[in-house]
Structure formats: C-alpha cells, structure tokens
Amino acid sequence: KAGVTQTPRYLIKTRGQQVTLSCSPISGHRSVSWYQQTPGQGLQFLFEYFSETQRNKGNFPGRFSGRQFSNSRSEMNVSTLELGDSALYLCASSPKAGLYNEQFFGPGTRLTVL
Amino acid sequence: AQSVTQPDIHITVSEGASLELRCNYSYGATPYLFWYVQSPGQGLQLLLKYFSGDTLVQGIKGFEAEFKRSQSSFNLRKPSVHWSDAAEYFCAVGAETSYDKVIFGPGTSLSVIP
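Notes on the structure follow. Everything quoted here is computed from the prediction, not taken from an experiment.

Under the definition given, this model contains 14 aromatic pairs over all chains. Seen in terms of ring centroids, Phe60 of chain A and Phe64 of chain A are 5.2 Å apart; in terms of plane orientation they differ by 65 degrees. Their pairing is edge-to-face. In terms of burial, Phe60 of chain A and Phe64 of chain A fall into one category: buried. With 4.3 Å between their ring centres and 25 degrees between their planes, Tyr32 of chain B and Phe51 of chain B make a pair best called stacked. With Tyr32 of chain B in strand β5 (residues 32-38) and Phe51 of chain B in the loop between β6 (44-50) and β7 (56-58), the pair connects residues that are 19 residues apart, well separated along the chain. Here Tyr32 of chain B falls in the buried class, since its relative accessible area comes to 14%. Taken together, the aromatic side chains of Tyr35, Phe45 and Phe105 of chain A together with Tyr32, Phe34, Tyr36, Phe51 and Phe104 of chain B make up a single cluster linked through ring pairs.

Our next topic: the pattern of salt bridges. A complete count under the given rule lists ten salt bridges over all chains for this structure. Arg73 of chain A is the salt-bridge partner of Glu75 of chain A, the closest N and O atoms lying 3.4 Å from each other.

All names here are of chain A. Ordered in space as β1-β3-β8-β7, the four strands form an open sheet in which the pairing is antiparallel. Lying at the two open borders of the sheet, with one neighbouring strand each, are β1 (5-7) and β7 (64-68). Direction aside, neighbouring strands of the sheet carry axes that sit 20 degrees apart on average. Pairing of strand β3 (residues 19-24) with strand β8 (residues 74-78) involves five bridges; the strand directions are antiparallel. From the neighbouring strand, Val19 faces β8, where its bridge partner is Val78.

Cut-offs and rules
- Residues numbered from 1 in each chain as written.
- Chains lettered and ligands numbered in written order.
- Predicted model: local features only at pLDDT ≥ 70, side-chain atom pairs only at ≥ 80, totals over all residues.
- Heavy atoms only, no water.
- Phe/Tyr/Trp six-rings, centres within 6.5 Å; stacked < 30°, edge-to-face > 60°.
- Buried < 20%, exposed > 50% of the residue type's maximum accessible area, 1.4 Å probe, protein only.
- Helix = DSSP H or I, 4+ residues; strand = E, 2+ residues; numbered from the N terminus.
- Salt bridge = Lys/Arg side-chain N within 4 Å of Asp/Glu carboxyl O.
- Pairing = 2+ DSSP bridges.
- Axes fitted to C-alpha atoms, helices over the stretch in contact; angles between N-to-C directions.

Following this line, the structure appears as structure tokens:
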C-alpha cells in the first residue's frame, strides 16, 4: 500500500504570495491532519479533516486554511505569506477521526519564504 | 496546562550501547502515548504506542517503552543501538476527549558513534 504523498516536496515563495500544498493519504484513510514543524516551535497542529469536514483546528491565523476532497485528498493554503511561515509542513493520515489515533506521516513539504 | 517534556535535547551514544530517551507529560485525561522517529528529510514514523493494558510496550526496530503513571513518564529504551537509529525522536500525548488533540514534545536528537 502506498504511503502518504505530499507535493511539492520543496517550494520557495516571496512574502505576500500565497501557496497551496497537497496531500494524498493512504488508500482507505479518511482523516487527514496537517502540522507545521519549525526548529523554534517544534511540531504544531494546524487542522484535521475527516470526510471533507474540518474537525479540529489549531491556533493559527486565518491565513492558514485547508480543505478535503471526496477522495480524501487534502490541500492546505497559506495566503499573504510571511517570513515566519518558512517551515516543514507535514501531512498525516489515519483510518479513523481523532488525533489520538495512530497517524501515518508523509515526507513533508519544505516551504521557504524569502 | 497540558504539556510534554523531553529533558534531553541531544544525546550521543556509541553503537551497541543501550539507550533511554526520557518523556514526561502533564495531561488531565487518561493519556494515549506515542513515540515517533524522524530521519533527516523525512516525515515521522510511529515506533510504538500505549493506549491501555500492559505498561511495557514493544515497538518496531527493537524499541520498547514503559508507561509509569505515578511518574507521568513514558521513556523509550533500546538495549543495543545501531548507527541507523540516529534520528530525531518525538514523544506525543493524546486523549479521547472532546478537545481531541495531540501534543508533541520538543524532540530528542540522537547521534550514534560508530
């Protein structure tokens, strides 16, 4: 079974631009969650989607948004990029809803904001 | 407040030596506990998890962890470290509550001397 895939793997943007990251979960998994990983803040939860509905949201500004499609694929969008948005963005999938379940992580998208 | 601490930011061990990575948590509910490993440039991989039952949990790659409720700890151990174990290790805590969230520790970086 293929693992979680994230595209693109690397991305360079400039301040003020917007970006869309994509995540394809493991086949059969309906829960997709997103995390931001930085050296200073560590792993921080962004949001969780299950069956196209956002179940859970972390403490991030409204510039961070996401959605999930009927095939469980998910996208994350960040508008008006700031330098501090530079991070590794990780997507994880799970067969069940709820972050307390085992999650399967993708390799991440490395976003650099200049 | 809910929190997870990993007291050791960085640990260096010789190949073949034993390993113990510490994790302490503060969580009001009955915790679900996880250890994840992250190799450079990769996403997180689950090593083991504790939900209930036997407090000594066996995981992949020869790792084990012991849940000690009285000490609020969930330390990860391996009897003999291999060079390929060099990575970042994250302890995580969750709970099946209405808040439905998981908290990751700051991580411990493991270096292995051949």
